Amino acid sequence: MEKTKNSPVFKPKRRDKNEDLNEDADSDEPQIKFARLSDDQCDGLQLELNATYQQKDIIKWLQTSWEKQADAAKEENTGAQIFGEPFQICLMPDLVLSTETTKALVDEMVNKVRWSRKQMDLYEFYQSTDLSNMAECHLLTKFLQLLRRQVRPWLEQVTNLKLDYVSASCSMYTCGDYLLVHDDLLKDRQVAFIYYLTPWEGAEEWSDEQGGCLEIFSSDNEGFPQFPVQRKIAPKNNQFAFFKVGSRSFHQVGEVTTFDYPRLTINGWFHGATNDAIVEDSLRPFPRLNYVQPDVNKRPALGMLLNDVYLKAATRRSIQKRIEDNSEICLYEFFKREKFELARSQLLSDETLVWQRQGPANCHNYEVLDLSTASKTVEELLQLFRSNSMFDLLRDFTDLDLYGADAITPTCSVELQRWSHGNYTVLGDGLISEENTLDLVYYLNAAEGAAVITYLSPEAEPRAEQINDSNEQMVGDSFNGGLDGCGDKNDDDSDVEDVADEVDGDVEDIETAQEDSVLLTITPVDNALNIVYRCEGTTKFTKYVSRNTPLETGPVFVISCSYRE
Ligand SMILES: O=C(O)CCC(=O)C(=O)O
Ligand SMILES: [Fe+2]
């Protein structure tokens with residue numbers, strides 16, 4: 001991760017226990033100048049809901065506008081805004097009166113909070129444990145009290161919902177971090193909230209270039225979120241946002257694109273009645289791949305396309321052995337070089353090829369070629385993957401009944417994908433195999449870190465449990481033990497001093513449960529054919545392509561095929 005000169009904070013990293021904390025003092029590396037407040041100073045700070053929000057007429061206005069679900073309404077005294085579409089959202093600027101408090105909260109987050117890296121198909125960011133589990137963070141604990149004692153009853157009045165309790169944690173998104181489309185719908189969550197902390201001079205309200213907006217999606221008739229984003233809410237210091245959780249409350253955190261500041265929030269949910277009924281109702285199966293029979297009319301000559309080595313019987317035997325033992329293989333230089341080069345240059349320059357963005361937004365976001373527009377070498381390669389010749393070759397490679405007398409109903413799906421910044425697939429987007437499947441993945445114009453595919457074992461914890469439930473699960477968890485000894489560093493530190501050039505809060509390892517379930521990661525290599533035999537229940541996703549991934553030679557193309565006996 002690159003750092004820029006002005007970055008006050010950048011990605012926290014593990015610090016070796018013996019590392020000299022002042023090592024970088026003389027370097028030109030960025031320094032964050034947050035006064036470290038003592039516990040006494042924190043104890044003196046008041047954390048009260050801005051009194052204007054407590055005025056009867058303001059509450060009345062908010063109640064009425066919330067209930068009306070009007071398209072957009074603004075309250076002039078406070079600047080509060082309410083949107084009814086695509087679901088009910090309210091923005092409250094200046095939640096607390098003193099901006100000093102927001103600086104002190106950030107100070108505590110930077111210096112005391114122990115961060116855990118959250119990394120999965122749907123997100124990459126840092127998260128703290130639940131605020132109720134952070135006695136050493138006095139101000140954050142006070143913030144939790146504010147949520148419990150003042151905000152919860154106030155929200156009940158405004159929304160007319162019964163809210164029983166609140167769960168909250170801190171989140172930090174550094175450059176390249178994101179949280180993809182989800183609805184927050186889980187168990188008894190009624191209202192989601194986010195409190196934004198960006199108390200940096202000149203960057204109190206973020207612009208589009210800095211990224212990190214809360215992005216709101218509308219949904220189609222079937223209840224799937226659809227592109228483009230309907231509304232963007234930029235991080236703004238001391239602003240509190242809340243929305244009603246429902247089966248269509250689709251939102252995401254856009255990738256943070258600034259190296260200068262982290263995106264810091266306190267966020268969570270107010271809980272009440274259980275959502276069981278709407279959860280049931282909102283279970284829509286993700287779109288599935290379309291399988292077709294082999295094209296018996298075409299029998300392209302493999303000798304014209306493939307690298308000669310893959311036509312030899314001895315090579316085929318060793319490929320079969322390797323797949324039998326390992327369930328996967330990567331065949332480098334699969335096509336003849338000149339075929340590969342022709343296909344790549346056509347993909348990069350042929351304007352007659354028509355690309356279509358594939359949604360829904362909560363499943364995937366990449367472009368696929370409209371196969372009817374394929375021509376020349378691109379068409380030749382695509383035809384090959386659907387042809388009897390390919391089914392025949394794959395039978396030789398794998399001993400699967402894909403061809404010949406024992407093949408009953410062999411089928412395949414073939415897709416040519418185009419991958420650029422911001423593209424992704426998430427788990428469960430119709431890619432959980434219902435039966436054993438042979439996947440082929442072939443890259444053109446490959447770039448490091450773009451269109452990387454991860455396979456996960458059937459035992460992997462369901463994604464929803466990992467993501468949506470993370471805060472609740474972490475309450476009382478022992479994972480907050482911190483890195484040996486490092487966690488005590490700030491506790492007795494009452495001096496006001498400059499903070500070192502990185503976040504001092506501890507960073508936990510990436511949760512190992514996620515890592516353990518990874519079966520295979522496919523690294524993009526030009527003209528390499530990856531073959532993966534996956535069992536029923538195995539699932540996969542193609543990782544979000546962050547804007548930090550260099551795509552200097554243009555987008556990455558992937559021919560992605562699946563075959564079944
Ligand atoms: O930080 C935000 O703006 C939204 C966060 C969010 O959607 C979540 O944590 O579920
Ligand atoms: Fe959310």
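Right, let's walk through the structure included here. (Residues numbered from 1 in each chain as written. Chains lettered and ligands numbered in written order. Predicted model: local features only at pLDDT ≥ 70, side-chain atom pairs only at ≥ 80, totals over all residues. Heavy atoms only, no water.)

**Details of the site of ligand 1**
The line we're drawing: Here a residue is considered near a molecule or strand provided that any single heavy atom belonging to it is located within 4 Å of it. In protein, a polar contact requires one atom able to donate a hydrogen and another able to accept it; more generally it is a pair of N or O atoms within 3.5 Å, and residues adjacent in sequence count only if both atoms are side-chain atoms. Areas reported here follow the Shrake-Rupley algorithm with a probe of radius 1.4 Å; residue values treat only the protein chains shown as occluding. In DSSP terms, a helix is any run of H or I states spanning at least four residues, a strand is any run of E spanning at least two, and both are numbered starting from the N terminus.
Neighbouring residues of ligand 1: Leu179, His182, Asp184, Ile194, Tyr196, Leu214, His251, Val253, Arg263, Asn267 and Trp269. Measuring from an oxygen atom of ligand 1, one finds a side-chain N or O atom of histidine 251 at 2.9 Å. In the model, an oxygen atom of ligand 1 is placed 2.7 Å from a nitrogen or oxygen of the arginine 263 side chain. Contact with the protein chains hides 94% of the accessible area of ligand 1, taken as 290 Å² for the molecule alone. For the shell around ligand 1, the elements supplying multiple residues, two or more each, are strand 7 (178–182), strand 8 (189–197), strand 12 (251–253) and strand 13 (263–272).

**Here's the deal with the packing of aromatic side chains**
Spelled out, the test is: Pairs were defined over the aromatic rings of Phe, Tyr and Trp, the Trp ring being its six-membered one, requiring ring centres within 6.5 Å. Orientation was assigned from the angle between planes: stacked under 30 degrees, edge-to-face over 60, tilted for the rest. Type-normalised accessible area, obtained with a 1.4 Å probe on protein chains alone, sets the label of each residue: buried when under 20%, exposed when over 50%, and partly exposed for intermediate values. Working rule: Lys NZ or Arg CZ, within 6 Å of ring centre, within 35 degrees of ring normal, means a charge sits over the ring.
Per the stated rule, a full pass over the model turns up 21 aromatic pairs. An angle of 75° between the planes, with centres 6.1 Å apart, marks the rings of phenylalanine 217 and phenylalanine 227 as edge-to-face. Of this pair, phenylalanine 217 sits in strand 9 (residues 214–219) while phenylalanine 227 is found in strand 10 (residues 225–233), placing the two residues 10 residues apart along the sequence. Residue classification places phenylalanine 217 among the buried residues on the basis of a relative accessible area of 0%. Accessibility expressed as a relative area gives 24% for phenylalanine 227, which makes it partly exposed. Centre to centre, the rings of phenylalanine 335 and tyrosine 442 are 5.0 Å apart; their planes meet at 85°, and the pair counts as edge-to-face. Remark: tyrosine 442 occurs in strand 19 (residues 437–444) and phenylalanine 335 occurs in the loop between strand 14 (328–331) and helix 8 (337–349); sequence separation between them is 107 residues. Both residues of the pair, phenylalanine 335 and tyrosine 442, belong to the buried class. A cation over a ring is seen here: arginine 231 above phenylalanine 83, with NZ or CZ 4.0 Å from the ring centre. The ring centre of phenylalanine 227 lies 4.1 Å from the NZ or CZ of arginine 357, which sits over that ring.

**Some details on helix 4 (residues 138–159)**
Residues three or four positions apart in an α-helix share a direction because the helix packs 3.6 residues into each turn. Put simply, the test is: Helix span, expected: 1.5 Å multiplied by one less than the number of residues in the helix. To get the bend at a residue, fit one axis to the 7 residues ending there and another to the 7 starting there, then take the angle between the axes.
A rise of 1.5 Å per residue sets the reference length of helix 4, with its 22 residues, at 32 Å; its end C-alpha atoms lie 30 Å apart and thus fit the reference within 8%. Of all the bends in helix 4, the largest measures some 40° and sits at valine 151, one to four residues before the proline proline 153. When helix 4 is considered as a whole, its buried residues turn out to be Leu139, Leu140, Phe143, Leu144, Leu146, Leu147, Gln150, Val151, Trp154, Leu155, Val158 and Thr159. Following helix 4 by one or two positions, asparagine 160 has its phi on the positive side, about 60°.

**What about the coordination of the iron ion (ligand 2)?**
For a metal with four tetrahedral donors the ideal donor-metal-donor angle is 109.5 degrees, while six octahedral donors give ideal angles of 90 or 180 degrees. Put simply, the rule is: Each metal's donors comprise the N, O and S atoms found within 2.8 Å of it (within 3.2 Å for Na, K or Ca). Water is not part of the atom list, so some coordination spheres may appear incomplete.
Distances from the iron ion (ligand 2) to its protein donors, namely His182 (NE2), Asp184 (OD) and His251 (NE2), fall within the range 2.0 to 2.3 Å. Motif for the iron ion (ligand 2), donor spacing along one chain: H-x1-D-x66-H. With histidine 182 in strand 7 and histidine 251 in strand 12, this residue pair connects regions lying 69 residues apart in the sequence. You can call histidine 251 buried: its relative accessible area is 4%.

**What to know about the pairing of strand 14**
The line we're drawing: DSSP-based pairing: two strands are paired if at least 2 bridges between them are found.
Where burial is concerned, the two faces of strand 14 differ: the one with Ile329 and Leu331 is buried and the one with Glu328 and Cys330 is not. Inspection of the sheet shows strand 14 paired to strand 23 (residues 529–534) by 4 bridges, in the antiparallel sense. Residue isoleucine 329 lies in a different strand from strand 23, and its bridge partner there is isoleucine 531.

**Examining the pattern of salt bridges**
This is how the line gets drawn: We define a salt bridge as a side-chain nitrogen of Lys or Arg found within 4 Å of a carboxyl oxygen belonging to Asp or Glu.
The full count for this structure, using the stated rule, is 23 salt bridges. Residues arginine 117 and aspartate 177 are paired through a salt bridge, measuring 2.9 Å at the closest nitrogen-oxygen approach. Of the two residues, arginine 117 is situated in strand 4 (residues 115–119) and aspartate 177 in the loop between strand 6 (163–173) and strand 7; the sequence distance between them amounts to 60 residues. Measuring nitrogen to oxygen at the nearest pair gives 2.9 Å for the salt bridge that ties arginine 337 to glutamate 333. According to the relative accessible area criterion, arginine 337 is partly exposed, its value standing at 36%.

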